[in-house]
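Take a look at the letters that make up each chain.
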Amino acid sequence: MLYTPIKFRNLELKNRWVMSPMCMYSCEDGLASDFHTVHYGSRAQGGTGLLIVEATGVVPEGRITNGCMGIWNDDQAEKLRKIVNFVHENSGTKIGIQLAHAGRKASTWNGKQISLEEGWATVAPSPIPYEESERTPHELTAEEIAGLVQAFRDAAKRALDAGFDLIEIHAAHGYLIHQFLSPLSNVRTDSYGGSFENRSRFLLEIVGAVQELLDDDHPLFVRISATEYAENGWDLEESVQLAKVLKENGVDLIDVSSGGNIHGARISVFDGYQVPFAEKIKKEANIPTGAVGLITSDTQAEEILQQNKADLIFVAREILRNPYLAIQGALNSGADCPFPHQYDRAKN
């Protein structure tokens, strides 16, 4: 199954390998560079079915660090267009982009909040810092929330104009949308806080705004944290509930990760530790899912698919170590994995 095509809307991926979005902290003013062309281009030439470009800020204050990628202006989109064109022209790989806002976890470096002189003021659904020692984030007003929904829409428009094949919305890892979802970081008393419906409202407004731009050729994925490993926090049951609502709103796949919103949360990490979350959401919400988290081999990936635990295999650190992971897996298993014609002689 790992090397069989799969379609989302009209977009067909040649296999089930996905390069998971990973921040590279290598931009100036949010602009992609030659590094990014090589970084993403090599994974495309390595046979990966889908690349998802790293968390990309929809506004300057939405970046995690000063070195993070942005798509809040046309110059940034033009730099990204060159990467998209390279991938499309030199491989059969598809390429998406993850749109993001870091919220209270912005303005950092090496996991620590930097000064206002070096960084910027942060925002959040409620004035609760990620760590007690950090600055209190500004509580977003309803008008500011509406402005951020528009920023996500504007970013999606630039991404589509740049040629990206799909959009992923980052609603995981303790960043702004996840902060709204969690009752531990969102204690608002207006229409964006309290009930599950209210805490989900910001994400659903973003989904609705982005869906207005999408057609049958451009799917929409959403990455969530299935649990935040904290008592009375966002959990797997709410994730299943959210996935059902997202499916009703036209989302094509849930990219299932976990954690990131509660400082000091205890997480038991082992090979494939998040796969059970993807399986439960897939089966109970009846929506395709992506599995991610310490998946390091083609045999492990194949087993996940054969057991119907997920539909796509998102790989992070392993594909950093080995850009040709997909081709190597195909050689190991005897499967066919299309890769650049310039390398055809390597098949013999």
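Going by the structure above, here's the rest.
Note that the coordinates shown come from a computational prediction; the quantities given were computed from them, not determined experimentally.

What counts and how
Residues numbered from 1 in each chain as written. Predicted model: local features only at pLDDT ≥ 70, side-chain atom pairs only at ≥ 80, totals over all residues. Heavy atoms only, no water. Buried < 20%, exposed > 50% of the residue type's maximum accessible area, 1.4 Å probe, protein only. Helix = DSSP H or I, 4+ residues; strand = E, 2+ residues; numbered from the N terminus. Right-handed = clockwise from strand over helix to strand, strands pointing away. Axes fitted to C-alpha atoms, helices over the stretch in contact; angles between N-to-C directions. Left-handed = near helix turned anticlockwise from the far one by under 90°. Contact = heavy atoms within 4.5 Å. Nonpolar A, V, L, I, M, F, W, Y, C, P; charged D, E, K, R; others polar. Parallel < 35°, antiparallel > 145°, perpendicular 65-115°, else oblique. Core = buried A, V, L, I, M, F, W, Y, C linked by side-chain atoms within 4.5 Å. 1 Å grid on protein atoms, 1.4 Å probe; cavity = no way out; pocket = protein on both sides within 12 Å on 5 of 7 lines; lining within 4 Å. Points joined across faces, edges and corners; volume = space filled by probe spheres on them. Patch = residues over 30% accessible without salt bridge, like charges linked within 9 Å, V, L, I, M, F, W, Y side chains within 5 Å. Areas by Shrake-Rupley, 256 points an atom, 1.4 Å probe, with all protein chains shown as cover. Salt bridge = Lys/Arg side-chain N within 4 Å of Asp/Glu carboxyl O. Phe/Tyr/Trp six-rings, centres within 6.5 Å; stacked < 30°, edge-to-face > 60°. Lys NZ or Arg CZ within 6 Å of the ring centre and 35° of its normal.

Caption draft 1: The pairing of strand β13 (residues 253-257), seen in detail. Where burial is concerned, most of β13 is hidden: five out of the five residues are buried. For the segment spanning strand β12 (residues 220-225), helix α6 (residues 236-248) and β13, crossover handedness is right-handed. In this fold, the crossover linking β13 to strand β14 (residues 289-292) by way of helix α7 (residues 275-285) has right-handed handedness.

Caption draft 2: View of the packing of helix α3 (residues 142-161) against helix α5 (residues 196-211). Relative orientation of the contacting elements α3 and α5 amounts to 35°, with a least axis distance of 9 Å. For the element pair α3 and α5, the recorded crossing hand is right-handed. Of α5, the residues touching α3 (which contributes I145, L148, V149, F152, R153 and A156) are F202, E205, I206, A209 and V210. When the residues that make up the contact of α3 with α5 are grouped by side-chain class, the tally is nine nonpolar, no polar and two charged.

Caption draft 3: The packing of helix α1 (residues 34-45) against helix α2 (residues 74-90), seen in detail. In the contact formed by α1 and α2, the axes pass within 9 Å of each other and the chain directions differ by 25°. Of the possible angle classes, the one that applies to α1 and α2 is roughly parallel. Considering the relative orientation of α1 and α2, their crossing is right-handed. Here H36, T37, Y40, G41, A44 and Q45 of α1 come into contact with α2, specifically with I83, F86, V87 and N90. Residue composition of the contact of α1 with α2, grouped by class: five nonpolar, five polar and no charged.

Caption draft 4: Molecular detail of the nonpolar core. By size, the foremost hydrophobic cluster in this structure holds 86 residues, and its most contacted members are I167, F202 and I281. For this core, the element with the highest residue contribution is α3, accounting for nine residues. In this structure I281 touches I224, A226, L236, S239, V240, A243, I254, V256, N286, I287 and T289, once residues within four positions along its chain are discounted. Counting residues in hydrophobic clusters, the runner-up holds 13 residues, among them L11, L166, V292 and F314.

Caption draft 5: Structural view of the layout of surface pockets. In this structure, the largest pocket encloses a volume near 1300 Å³. Taken together, 49 residues form the lining of the largest pocket, with Y25, H173, Y175, S257 and R317 sitting closest to its centre. Sorting the residues of the lining of the largest pocket by element identifies β7 (108-109), β15 (312-315) and α9 (317-321) as the ones contributing at least two each. Partitioning the lining of the largest pocket into residue classes produces 23 nonpolar, 18 polar and eight charged.

Caption draft 6: Layout of a nonpolar patch on the surface. Residues I267, V269 and L294 make up a contiguous nonpolar surface patch of about 230 Å² in total accessible area. Of note, I267 is situated in the loop between β13 and α7. A residue is classified by how much of its surface remains accessible, and I267, at 36% relative accessible area, is partly exposed.

Caption draft 7: Quick look at the pattern of salt bridges. The tally for this structure, following the rule as stated, stands at 13 salt bridges. When the shortest N-O distance is used, the salt bridge between R81 and E78 registers 3.1 Å. Of this pair, R81 and E78 both sit in helix α2, three residues apart, which is roughly one turn of the helix. Its relative accessible area of 29% is what places R81 among the partly exposed residues. Linking E279 and K283 is a salt bridge whose minimum nitrogen-to-oxygen distance equals 2.8 Å. One end of the pair, E279, and the other, K283, are both in helix α7, four residues apart, so they sit about a helical turn from each other. A relative accessible area of 21% places E279 in the partly exposed class. Among the residues examined, K283 registers a relative accessible area of 46% and is labelled partly exposed. A cluster of three or more residues bridged by salt bridges with shared partners is formed by E237, K280 and E284.

Caption draft 8: Focus on the packing of aromatic side chains. Applying the stated criterion across every chain yields a total of seven aromatic pairs. When the ring of Y25 is compared with that of W109, the centres are 5.9 Å apart and the planes differ by 85°; the resulting orientation is edge-to-face. Residue Y25 is found in the loop between β3 (17-19) and α1, and its partner W109 is found in strand β7; the two are separated by 84 residues along the sequence. Judged by relative accessible area, which is 39%, Y25 ranks as partly exposed. Looking at W109, the relative accessible area reads 44%, which means it is partly exposed. Arranged with centres 6.1 Å apart and planes meeting at 15°, the rings of F196 and W234 form a pair that is stacked. Separated by 38 residues along the polypeptide, F196 in helix α5 and W234 in the loop between β12 and α6 bring together distant segments of the chain. As far as burial versus exposure is concerned, F196 and W234 are alike and both buried. Pairwise contacts between aromatic rings join F180, Y192 and F202 into one cluster. Cation over ring: K105 sits above Y175, and NZ or CZ is 4.9 Å from the ring centre.

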